[in-house]
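# Architecture and fold: a report
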Amino acid sequence: MLILTTVDEINRFISSCRNLSKTIGFVPTMGALHQGHLELVKKSIKENNITVCSVFVNPTQFNDKSDLEKYPRTLDKDCTLLRTIKTDVVFAPTVAEIYPSNIEVVVPELGGLDLVMEGEFRPGHFEGMAQVVKRLLDIVKPDRLYMGQKDFQQFTIVQYMLKKLQSEVKLVILKTIRENNGLAMSSRNQRLSEEMKNKAGLIYRTLTTVKKQTGKKTPEMIAEYAKKRLSKAGFEVEYFAIVDGNSLKIVHDFNKHSYVVACVALWAEGVRLIDNMILKNVKKFD
Ligand code: AMP
């Protein structure tokens, strides 16, 4: 497994792959890897000749400085995990490599998808996320890009951006990997106590109940029920939104939409957790 840290190094590597007509799969991450990340990498290894996994904590997508400081950084452990599953390349650049003063990364307008839910509570987050994804795609030039359903709004925005840029990169989405109690795996879970990790299984159970109620009650009633259930258990709920999976606009009538998703963000022990569940689906993820 190669561990590359500079843009020059990865440029040279990618050119050599292209000269040999090798396909490239790319998995961007912020490190502190868990099974959710590894499933993305494994899928890429299956579908491409070469898999590049980036580990880069992108400062431009953090609106909260202390969140950026507290974000776990475990590169050595990450490399050990990636080596075990036979990843070809880890790209672990510095901030200066990704954002040199002579390059301005311009992202297209994101159609308002960046302003709701996460965008409302984390202003500027998606602009920063789109910026780093665009820059990394320009560097790695993959055939396929692998992302998790866990970050529903994120991949919806990336899909929108790829279309706007007329990019030929194929976005592959994989389902959310969960702990035994249903808690979505997240690098941030490391900061939760064992007790809270157990308790946070309620997020998944609530989403599951919401799915069962879909079509039987109005979206407003269901969202209200979910908010109350989670708040009552002591979570500080930022939003529980039932949205159209394409426009991310709030759904008022299930019958008028074919792709509906419930998205939630809440705080537990000072850690911000997000999760989602597809309630009504025309799209399926692997
Ligand atoms: P992150 O390191 O949090 O930026 O995540 C990197 C990629 O891994 C993103 O595409 C995430 O959606 C994906 N990911 C994170 N957690 C999970 C999970 N529990 N299941 C599946 N994919 C995930």
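For the structure itself, look to the data block above.
This structure is a prediction, so every number in the text was calculated from the model and none was measured. (Residues numbered from 1 in each chain as written. Predicted model: local features only at pLDDT ≥ 70, side-chain atom pairs only at ≥ 80, totals over all residues. Heavy atoms only, no water.)

Further remarks concern the sheet that holds strand 4 (residues 89-91). If you trace the six strands from one edge of the open sheet to the other, you get 1-4-3-2-5-6, paired in parallel fashion. This sheet does not close on itself; its edge strands, each paired only once, are strand 1 (2-4) and strand 6 (170-174). Adjacent strand axes in the sheet meet at a mean angle of 25° when their direction is disregarded. Sheet topology note: the strand 5 (residues 144-148)/strand 6 ladder contains five bridges and is parallel. Bridging across to strand 6, Leu-145 finds its partner in Leu-171. Along the sheet, helix 7 (residues 125-140) contacts strand 2 (24-29), strand 3 (50-55), strand 4 and strand 5; its crossing angle with strand 2, the most-contacted strand, is approximately 150°. (Pairing = 2+ DSSP bridges. Helix = DSSP H or I, 4+ residues; strand = E, 2+ residues; numbered from the N terminus. Axes fitted to C-alpha atoms, helices over the stretch in contact; angles between N-to-C directions. Contact = heavy atoms within 4.5 Å.)

The side chains of a regular strand alternate between the sheet's two faces. When you tally the buried positions in strand 2, you get five out of six residues, the bulk of the element. Handedness of the crossover joining strand 2 and strand 3 through helix 2 (residues 35-47) is recorded here as right-handed. As judged from the two bridges shared by strand 2 and strand 5, these two strands associate in the parallel manner. Each residue of the ladder has a partner; that of Gly-25, found in strand 5, is Arg-144. (Buried < 20%, exposed > 50% of the residue type's maximum accessible area, 1.4 Å probe, protein only. Right-handed = clockwise from strand over helix to strand, strands pointing away.)

With that settled, the discussion passes to the site of the ligand. Taken together, the neighbourhood of the ligand is formed by 17 residues, with Met-30, His-37, Asp-151, Ile-177 and Met-185 sitting nearest. Contact distances for the ligand include 3.0 Å between an oxygen atom and a backbone N or O atom of Gly-148. Take Asp-151: an N or O atom from its side chain is 2.7 Å from an oxygen atom of the ligand. Relative to its free-state accessible area of 480 Å², the ligand is covered by the protein chains to the extent of 93%. When residues of the shell around the ligand are traced back to their parent elements, those giving at least two are strand 2, helix 2 and strand 5. Per-element accounting of the shell around the ligand gives the leading share, three residues, to helix 2. (Near = heavy atom within 4 Å. Polar contact = N/O pair within 3.5 Å; in protein donor to acceptor, adjacent residues only side chain to side chain. Areas by Shrake-Rupley, 256 points an atom, 1.4 Å probe, with all protein chains shown as cover.)

Excluding glycine, residues mostly have negative phi values, and the peptide bonds linking residues are mostly trans. Of note in the backbone geometry, Ser-21 takes a positive phi value of approximately 55° without being a glycine. For Ser-21, the location among the structural elements is in the loop between helix 1 (7-19) and strand 2. Since its relative accessible area comes to 62%, Ser-21 is described here as exposed. At Lys-86, a residue that is not glycine, the phi angle is positive and equals roughly 70°. Residue position: Lys-86 is located in the loop between helix 4 (75-84) and strand 4.

Below, the discussion takes up the sheet that holds strand 8 (residues 260-268). Read across the sheet, three strands follow the order 7-8-9 without closing on themselves; strand pairing throughout is antiparallel. Looking at strand neighbours, the two that pair on one side only are strand 7 (236-244) and strand 9 (271-280), the edges of this open sheet. Neighbour to neighbour, the strand axes of the sheet diverge by 15° on average, direction disregarded. Bridging between strand 7 and strand 8 involves eight bridges; their strand directions are antiparallel.

Tallied over the entire structure, the rule returns five aromatic pairs. Relative to Tyr-99, the ring of Phe-56 has its centre 6.4 Å away and its plane inclined at 55°; by these criteria the two rings are tilted. With Phe-56 in the loop between strand 3 and helix 3 (65-70) and Tyr-99 in the loop between helix 5 (95-98) and helix 6 (118-121), this residue pair connects regions lying 43 residues apart in the sequence. As far as burial versus exposure is concerned, Phe-56 and Tyr-99 are alike and both buried. (Phe/Tyr/Trp six-rings, centres within 6.5 Å; stacked < 30°, edge-to-face > 60°.)

Helix length check: helix 1, at 13 residues, gives a terminal C-alpha distance of 18 Å against a target of 18 Å (1.5 Å per residue), a fit within 8%. Those residues of helix 1 not exposed but buried are Val-7, Ile-10, Phe-13, Ile-14 and Cys-17. The buried side chains of helix 1 occupy one side of the element, clustering within an arc of 130° when seen end-on. For helix 1, the exposed residues set more than 90 degrees away from the buried face come down to Asp-8, Arg-12 and Asn-19. On its buried face, helix 1 sits against strand 1, strand 2, strand 3, strand 4, helix 5 and helix 7. Looking one or two places after helix 1, you find Ser-21, whose phi comes out positive at around 55°. (Expected span 1.5 Å × (residues − 1). Arc of directions from axis to C-beta.)

Another aspect to go through is the packing of helix 10 (residues 201-213) against helix 11 (residues 219-232). For the pair helix 10 and helix 11, the least separation of the axes is 10 Å and the interaxial angle reads 160°. It follows from the interaxial angle that helix 10 and helix 11 lie roughly antiparallel. As for how helix 10 packs across helix 11, the hand of that crossing is right-handed. Across the interface between the two elements, Leu-202, Ile-203, Arg-205, Thr-206, Thr-209, Val-210 and Gln-213 from helix 10 touch Ile-222, Tyr-225, Ala-226, Arg-229 and Leu-230 from helix 11. Taken together, the residues of the contact of helix 10 with helix 11 sort by class into seven nonpolar, three polar and two charged. (Parallel < 35°, antiparallel > 145°, perpendicular 65-115°, else oblique. Left-handed = near helix turned anticlockwise from the far one by under 90°. Nonpolar A, V, L, I, M, F, W, Y, C, P; charged D, E, K, R; others polar.)

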